[in-house]
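# Descriptive structure summary
Chain by chain, the residues run as shown.
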Amino acid sequence: MTTSIDDENSKQPPMRDYPIGIQATGKRKEFDSMGTVEVPADRYWGSQTARSLQHFSIGDDRMPKAVYHAYGIVKKAAALVNADAGRLPKWKADAIIRAADEVIAGKLDDHFPLFVWQTGSGTQSNMNVNEVVSNRAIQLLDGELGTQQPIGPNDDVNMGQSSNDSFPSAMHVAAVSLIDERLVPELSKLAEAIEEKAQGWMDVIKVGRTHLQDATPLSVGQEWSGWAAQLRAVIAEVERCREGLYELALGGTAVGTGLNAPKNFSLNVAKQIAQLTGKPFVTAPNKFMAQGSLDAMVRASAANRGAAVALMKIANDMRWLASGPRCGLGELKLPANEPGSSIMPGKVNPTQCEAMVMIAIQVIGEDTAIAFAGSQGNFELNAMRPIIINNFLHSATILADGAEKFRRFSVEGTALDQEQIKRYLDNNLMLVTALSPVIGYQNAAHIAESAQASDSTLKEAALQSGEIDEQQYDKIIVPRNMVGNGVAGA
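This write-up is about the structure you can find in this document. Because the structure is a prediction, the values reported are computed rather than measured.

## Things to note about unusual backbone geometry
In this structure, the amide linkage connecting Gln149 to the following residue, Pro150, adopts the cis form with an omega of 5°. Topologically, Pro150 is positioned in the loop between α5 (123–140) and α6 (153–157). Residue Gly324 is joined to Pro325 through a cis peptide bond whose omega torsion reads 10°. Notably, Asp142 is not glycine yet its phi reads approximately 65°, a positive angle. Relative to the helices and strands, Asp142 resides in the loop between α5 and α6. Owing to a relative accessible area of 41%, Asp142 belongs among the partly exposed residues under this scheme. A positive phi angle, near 75°, is found at Asn260, a position not held by glycine. Along the chain, Asn260 turns up in the loop between β5 (247–248) and α9 (265–277).

In structure tokens:
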């Protein structure tokens, strides 16, 4: 005999304002379909979380808390939709929503202990959330923890869902949140700081370098503008990758068919998540793709990799240009943030640049793992989800944090050694390039070769060649006239 929603509502217990936490010691018993398990009495999790801790205590890598915060949004949205559909009594939904809000706010973080290295579907983390929300809701309703009454982890909290559609949805919510709240803002601030330096140094002419060898001149501002343009292109790619992440698998349940989910559940739950987050989430048009692959996450990781590549280039350029202070290039003067050596007094190193290069190396490695894991979908499920979301969130976090520190403690405080820059420019043999249209490539090449061989200046070698007189030379060899502006149409 089934129980109607009206009957359930007539049994509504009062919700009490219990503070978060369980004042108990020792163990309590929890159960699942396989039997009874003991759990710490002061934790909200249940038997499946306890089983996972027993079987998968591997390394020190815990499932990122951002996944659980996103899962709180998924559970809240599902409860709202199930209540609206008349499948879940409103009082049950209210208790689930109250507990889910605490998950979203990070107030229950201590109750999500599971490791990354677990079932590839993320089922154990889904059940960890279900159990915590269930027991917290039971506590709020003055029930007995571990009884699964009046709120059950599977029947109520997980209603209309499967780990197979809810975990990838939580992955997408967590990824978009991190992109919007940290990664794009920090990359944008770094780009702005580099652009500001570029604008201030547009008139400082310096030696260009290609193949690590002297080349024709450009301005310091032009060089820095190239770095800023790299970052702007990267930011655009990161923003574009969100389009695939906005599509949610929820409603596909076990294999994408939507079994046990009510009509229009996928549309309505995506709409609820969009309202809760303020982001344009929609239901994935094809749930079989959404659950059998993780292609959107692979593309998002590729955007992280692109950011890492650009940041590595910028950081390496800066530390090379700052090498010295007396026996290197020495064009840039980086901020002296800390002593650089435990044995060499007075040494200062480009530590922010080094940290950024290491971050880039890590991100590129993590992206390789994500791409490999993304290729491992089998039939209706890709069961490599935990490593993908862990690597993505870790990569995006260290990129954002690294960009912030690199901006604050390196880029913003960087200055020029203009005397050194002028010495290099005045001594640059590749200024001879401007003579090629007048005296020909071969004659210009011989002048540069002669100057290098005789350790003379370019002007001395040019006049000695007889190919050009002093008045012509002084008119042509003007570094400021050689830099153009490096933009389309120039």
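## Notes on the side chain of Ser134
Among the structural elements, Ser134 can be located in helix α5. When near neighbours in sequence (up to four residues on either side) are disregarded, Ser134 contacts Ile151, Gly152, Pro153 and Val157.

## Some remarks on the environment of Met430
By the secondary structure assignment, Met430 is in the loop between α14 (418–426) and α15 (436–439). You can call Met430 partly exposed: its relative accessible area is 29%. In this structure, the C-alpha to C-alpha distance between Met430 and Gly252, residues 178 residues apart in sequence, is 64 Å. Once residues lying within four places of it in the same chain are set aside, the contact partners of Met430 are Asp214, Ala215, Thr216 and Ala448.

Parameters and conventions
- Residues numbered from 1 in each chain as written.
- Predicted model: local features only at pLDDT ≥ 70, side-chain atom pairs only at ≥ 80, totals over all residues.
- Heavy atoms only, no water.
- Helix = DSSP H or I, 4+ residues; strand = E, 2+ residues; numbered from the N terminus.
- Buried < 20%, exposed > 50% of the residue type's maximum accessible area, 1.4 Å probe, protein only.
- Contact = heavy atoms within 4.5 Å.

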